[in-house]
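For reference, the chains in residue letters:
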Amino acid sequence: MSDSRIGVVGVGYVGLTTAAGMACLGHRVCAVDVDARRIERLRRGQLPLREPDLDRLVAEGVAAGRLLFSTDFSPLRECEVVFVSVPTPMSEGGDADLSAVDEVMEQLSRLLRPDSIVVDKSTVPVGTARRVAQRLAPLGIHVVSNPEFLRESHAVEDFLHPARIVIGAASRTVGRRVAALFDNLIAPVQHTSYESAELAKYASNAFLAVKVSFINELAQLCESLDADVRDVANCMGLDPRIGPAFLQPGPGWGGSCLPKDTAALLHTARRSHSPLTLVDAAVSSNAAQAERTVRKVRRAITGRPDGCLAGARIGLLGLAFKAGTADLRHSPAIRVAHELADASATLTAYDPMVSAEAAGDLQIANLTVVDDPYLVGKAAHAVVVLTECPQFRNLNWRELGSSIENPIVVDTRNLLDRESLDRAGFTLLGNGIS
């Protein structure tokens, strides 16, 4: 079903991708947000985030007249389906803050016509869609849960080529109406209940968190046993029951989704008296991963895992939680930087996606963010690779080492080539490699 009139509330990461993607599928989309400055920038073609191909998709939608941006909610009255994509940040108690969702639902209840559909795309605790549906049912407004599974730096690809489309609805007829909006996409569609759809999103991210925590702990074991975690992970990944994704060790997992979603799932589990001890252990393991990284840096510089770093100068390559994004939220690189700063080290950091201005709110003592990767080696006692940016692999390491105090690289991502670093005069310490 194409050429439907679609509304999207919230033009953040998920909402903007959804709006541009729906326009690409041939629908007429009105995307609204309360942030007037953001809407004005979008009208000028200035995106609030960097995501491959999203600028092109937005520009094409606007040029074709299929995508418009507004701070006025009233045009949503004409929409058949309205997607809600507003933030659900983690509260101090670990559960999801639904105040933005509830506020939008209240606005839509006063605006939408009977037989219209509200699609909840925000990540919300189990039971949210059913609660909202009970509120809107007397008005003749339907509710569908359609969780998003978009990866940062791959959002457009994931929207246009999804692994699955999950439709949670009380009525199969209503669910099919929403599924029909995606008819031009080739993907399995799973129709299920509200509760199963909501839980599927949390469960997916929690499983990924467990998988990464496992490989991070396995890397530590590999170092103790003179094994190579890369070989071990490759062998594991060839098993179709396991697969190779999320089997790359690093300084921990982070970003906007995994920490928030695991915390919300654990909160739900405790409230339901069904504790998820495995997920709880993965979160605890991840919290300790930064200190494991710092111990390796201490050993590299002082020869001891508890050695003093006071006065040590350390270069950091990478601040974002993953390559291809400027997202610093819950970044494991930032956790490591905090630990090193707390140990009185002086830090110089470079990330190709993160400006000094963007990093200014981090409030990390003794941290300087530079715009030249070669400056991280200046008089440094060690360089630490924290984000898997492919640009770091192609650096002229001989040039970087020309001003270094101590040519040691701690590569938490196993990104660099040992032979190249050897030729440049560096000692390379990998993750899970003896």
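To be clear, the structure that these remarks concern was listed above.
Each chain carries its own residue numbering, running from 1 in the direction its sequence is written. Local features in this predicted model are restricted to residues whose pLDDT is 70 or higher, and side-chain atom pairs enter the listing and the counts only when it is 80 or higher, whereas totals over whole chains, interfaces and linings include all residues. Values reported for side chains reflect all heavy atoms of the structure, with hydrogen atoms and water molecules removed beforehand.

Trainee: Please give an account of the packing of helix H8 (residues 194-225) against helix H9 (residues 229-237) that cites residues and values.
Mentor: Relative orientation of the contacting elements H8 and H9 amounts to 135°, with a least axis distance of 9 Å. With respect to H9, the axis of H8 lies oblique. Along this stretch, H8 crosses H9, giving a crossing that reads as right-handed. From H8, Phe214, Ile215, Leu218, Ala219 and Cys222 reach across to H9, where they touch Val229, Val232, Ala233 and Met236. Charged residues are taken to be Asp, Glu, Lys and Arg, nonpolar residues to be Ala, Val, Leu, Ile, Met, Phe, Trp, Tyr, Cys and Pro, and polar residues to be all remaining types, Gly included. Broken down by class, the residue content of the contact of H8 with H9 amounts to nine nonpolar, no polar and no charged. Inter-axis angles, ranging from 0 to 180 degrees, are taken between N-to-C directions of lines fitted to C-alpha atoms, where helices are fitted over the stretch in contact. Helix and strand labels come from DSSP, where a helix needs a run of H or I of at least four residues and a strand needs a run of E of at least two; each type is numbered from the N terminus. The scheme is simple: roughly parallel for angles under 35 degrees, roughly antiparallel for over 145, roughly perpendicular for 65 to 115, oblique for anything else. Working rule for handedness: look at the near helix, and if it is turned counterclockwise from the far one by less than a right angle, call the crossing left-handed; if clockwise, right-handed. The contact criterion used is simple: two residues touch if any of their non-hydrogen atoms lie within 4.5 Å.

Trainee: How would you explain the side chain of threonine 88 if you had to name every residue and give the values?
Mentor: Here threonine 88 shows up in the loop between strand E4 (81-84) and helix H4 (99-109). N or O atoms within 3.5 Å of each other form a polar contact, as long as, within protein, one can give a hydrogen and the other can take it, and as long as residues adjacent in sequence are counted only when both atoms are side-chain atoms. Here threonine 123 takes part through its backbone oxygen, which lies 2.7 Å from a polar atom of the side chain of threonine 88. Not counting the four nearest positions on each side in its chain, threonine 88 is found in contact with Ala96, Asp97, Leu98, Val101, Ser122, Thr123, Val124 and Lys260.

Trainee: Go over the pairing of strand E5 (residues 117-120) with me, naming the residues and quoting the values.
Mentor: Under the scheme applied here, a residue whose accessible area is under 20% of the maximum for its type counts as buried, over 50% as exposed, and between as partly exposed, the area being computed with a 1.4 Å probe on protein chains only. Here E5 shows two buried faces, one formed by Ile117 and Val119 and the other by Val118 and Asp120. Alignment of E4 against E5, held across four bridges, turns out to be parallel. Along E5, the bridge assignment pairs valine 84 with aspartate 120. Orienting the strands away from the viewer, one traces the path from the first strand over the helix to the second; a clockwise path indicates a right-handed crossover. The handedness of the E4 to E5 crossover, carried by H4, is right-handed. Pairing of E5 with strand E6 (residues 142-145), which is carried by four bridges, proceeds in the parallel orientation. Within the sheet, the bridge partner assigned to aspartate 120 lies in E6 and is serine 145. Between the parallel pair E5 and E6, the chain is carried across by helix H5 (residues 128-136), and the sense of this crossover is right-handed. For two strands to be treated as a pair, DSSP must find at least two bridges joining them.

Trainee: Got a sec to walk through the packing of aromatic side chains? Specific residues and values, please.
Mentor: Two aromatic rings, drawn from Phe, Tyr or Trp (for Trp, its six-membered ring), form a pair once their centres lie within 6.5 Å of each other, and the interplanar angle then sorts them: stacked below 30 degrees, edge-to-face above 60, tilted otherwise. Summed over all chains, the structure comprises three aromatic pairs. With centroids separated by 5.4 Å and ring planes inclined at 85°, the aromatic side chains of tryptophan 397 and phenylalanine 426 adopt a geometry described as edge-to-face. With a gap of 29 residues between them, tryptophan 397 in helix H14 (residues 397-400) and phenylalanine 426 in the loop between helix H15 (418-423) and strand E14 (427-429) connect regions that are remote in the sequence. The burial state of tryptophan 397 is the same as that of phenylalanine 426; both residues are buried. Remark: a charge is flagged as sitting over a ring if the NZ atom of Lys or the CZ atom of Arg is within 6 Å of the ring centre and within 35 degrees of the ring normal. Over the aromatic face of phenylalanine 149 sits the side chain of arginine 164, whose NZ or CZ is 3.7 Å from the ring centroid.

Trainee: Break down H9 for me, citing the residues and quoting the values.
Mentor: Within H9, burial applies to Val229, Ala233, Met236 and Gly237. Angularly, the buried residues of H9 cover 95° about the axis, an arc narrow enough to put them on a single face. Among the exposed residues of H9, those pointing more than 90 degrees away from its buried face are Asn234 and Cys235. The inward-facing, buried residues of H9 abut H8. Directions pointing from the helix axis toward each C-beta atom define the arc.

Trainee: I'd like a rundown of the side chain of histidine 27, residues and numbers included.
Mentor: Tracing the sequence through the fold places histidine 27 in the loop between helix H1 (13-24) and strand E2 (28-32). Judged by relative accessible area, histidine 27 falls into the buried class, the value being 0%. Looking at histidine 27, its side chain comes within polar contact range of the main-chain nitrogen of serine 4, at 3.2 Å.

Trainee: Quick rundown of the pairing of strand E13 (residues 408-411)? Include the residues and the values.
Mentor: Every other side chain in a regular strand lies on the same face of the sheet, so the side chains alternate between the two faces. With burial as the criterion, each face of E13 is covered, one bearing Ile408 and Val410 and the other bearing Val409 and Asp411. Direction of pairing for strand E12 (residues 382-385) relative to E13: parallel, over a ladder of three bridges. Following the sheet pairing, valine 385 is matched in E13 by aspartate 411. For E13 and E14, the ladder comprises three bridges, and the chain directions are parallel. The residue of E14 that forms the bridge with valine 409 is leucine 428. Traced from E13 through H15 to E14, the parallel crossover comes out right-handed.

Trainee: Describe the sheet that holds strand E11 (residues 367-369), and please don't skip the residues or the numbers.
Mentor: In a beta sheet, neighbouring strands pair by backbone hydrogen bonds and run either parallel or antiparallel. If you trace the six strands from one edge of the open sheet to the other, you get E11-E10-E9-E12-E13-E14, paired in parallel fashion. What marks the edges here is a single partner per strand, and that holds for E11 and E14. Mean inter-strand twist for the sheet, computed between neighbouring axes without regard to direction, equals 20°. Of the pairings in the sheet, the one linking strand E9 (residues 313-317) to E12 comprises four bridges and is parallel in character. The residue of E12 that forms the bridge with isoleucine 314 is alanine 382.

Trainee: Got a sec to walk through the environment of aspartate 55? Specific residues and values, please.
Mentor: Following the sequence through the fold, aspartate 55 ends up in helix H3 (residues 54-63). Once the C-alpha coordinates of aspartate 55 and alanine 179 are considered, the two residues, 124 residues apart in sequence, prove to be 26 Å apart.

Trainee: Go over the pattern of salt bridges with me, naming the residues and quoting the values.
Mentor: Put simply, a salt bridge is a Lys or Arg side-chain nitrogen that is within 4 Å of an Asp or Glu carboxyl oxygen. Taken as a whole, this structure holds 22 salt bridges when the rule is applied. The residue arginine 113 makes a salt bridge to glutamate 78 at a minimum N-O spacing of 3.2 Å. Here arginine 113 is found in the loop between H4 and E5, whereas its partner glutamate 78 is found in the loop between strand E3 (67-70) and E4, with 35 residues between them in sequence. Take glutamate 78: its relative accessible area is 41%, and that puts it in the partly exposed class. Among the ionic pairs, arginine 131 bridges to aspartate 102, the shortest N-O distance being 3.1 Å. Separated by 29 residues along the polypeptide, arginine 131 in helix H5 and aspartate 102 in helix H4 bring together distant segments of the chain. A relative accessible area of 31% means that aspartate 102 is categorised as partly exposed. Put simply, Glu40, Arg43 and Arg44 are held in one network by salt bridges that share partners.

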